[in-house]
Amino acid sequence: MAEDQKNTAPAAETTKSQAAAPQASRVDRTFSSSRVPADTDAAGKTTIADGVVAKVAGIAAREVAGVYALGGGGARAFGAIRDAINATDLSQGVKVEVGETQAAADLTIVVEYPAPIQEVADNVRAAVAGAISRLVGLEVVEVNVEVNDVHIAGADDDDNESESRVA
């Protein structure tokens, strides 16, 4: 047993000395002011899914003033259920076609009354094209905007707030 104690004692001392010494990093960390890699000619291919482009377009369209919602009546009803369970679909009301270098988008929107419909549609078109170009890096060949409805503020709430005629 004395031999076992001799063998464990040096191991304990080694562990203590290693703990006191600073650990060397296993990865080379070079810090630069830019996050862009130095070798931009590296081989490889980037593929961007249609769903990603649709989500970018949906987010951009929702940020435009005067847009109440995206999608037709059925899609909005189903979207309300998804919102209730915190599973919002940001690509609702958006269809995209994505090629290798180009993209096209079709959006269905609901405009908030009294916003000028044509102006809102133009702003949606510009916002979506800009977001896809900037964030995804694809050339946008067209953005079609279909205005499906006009939302009047308070019109949905009137049914719930009216007094009952019976006691």
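Residues numbered from 1 in each chain as written. Predicted model: local features only at pLDDT ≥ 70, side-chain atom pairs only at ≥ 80, totals over all residues. Heavy atoms only, no water.

Structural notes on the side chain of Gln92
The residue Gln92 is located in the loop between α3 (73-84) and β2 (94-98) in this model. For Gln92, a relative accessible area of 10% puts it in the buried group. At 2.7 Å, the side chain of Gln92 forms a polar contact with the backbone oxygen of Leu70. (Helix = DSSP H or I, 4+ residues; strand = E, 2+ residues; numbered from the N terminus. Buried < 20%, exposed > 50% of the residue type's maximum accessible area, 1.4 Å probe, protein only. Polar contact = N/O pair within 3.5 Å; in protein donor to acceptor, adjacent residues only side chain to side chain.)

Overview of the nonpolar core
Of all hydrophobic cores here, the largest spans 27 residues; its most connected members are Leu70, Val94, Leu107, Ile109, Val124, Val128 and Ile132. When residues of this core are traced back to their parent elements, those giving at least two are α2 (50-62), β1 (67-70), β2, β3 (102-112), α4 (117-136) and β4 (139-151). A total of seven residues in this core trace back to one element, the largest contributor, which is α4. Dropping the residues within four chain positions of it, Leu107 is found in contact with Ala57, Ala61, Leu70, Gly93, Val94, Val124, Val128, Val143, Asn144, Val145 and Glu146. (Core = buried A, V, L, I, M, F, W, Y, C linked by side-chain atoms within 4.5 Å. Contact = heavy atoms within 4.5 Å.)

Overview of the side chain of His151
Topologically, His151 is positioned in strand β4. A polar atom in the side chain of His151 sits 3.4 Å from the side chain of Tyr68. A polar side-chain atom of His151 sits 3.2 Å from a polar atom in the side chain of Glu112.

Observations regarding the environment of Gly71
Tracing the backbone shows Gly71 in the loop between β1 and α3. You can call Gly71 buried: its relative accessible area is 1%. A sequence separation of 78 residues divides Gly71 from Asp149, and the C-alpha atoms of the two residues are 9.5 Å apart. In contact with Gly71, other than residues within four places in its own chain, are Arg76, Gln92, Gly93, Thr108 and Val110.

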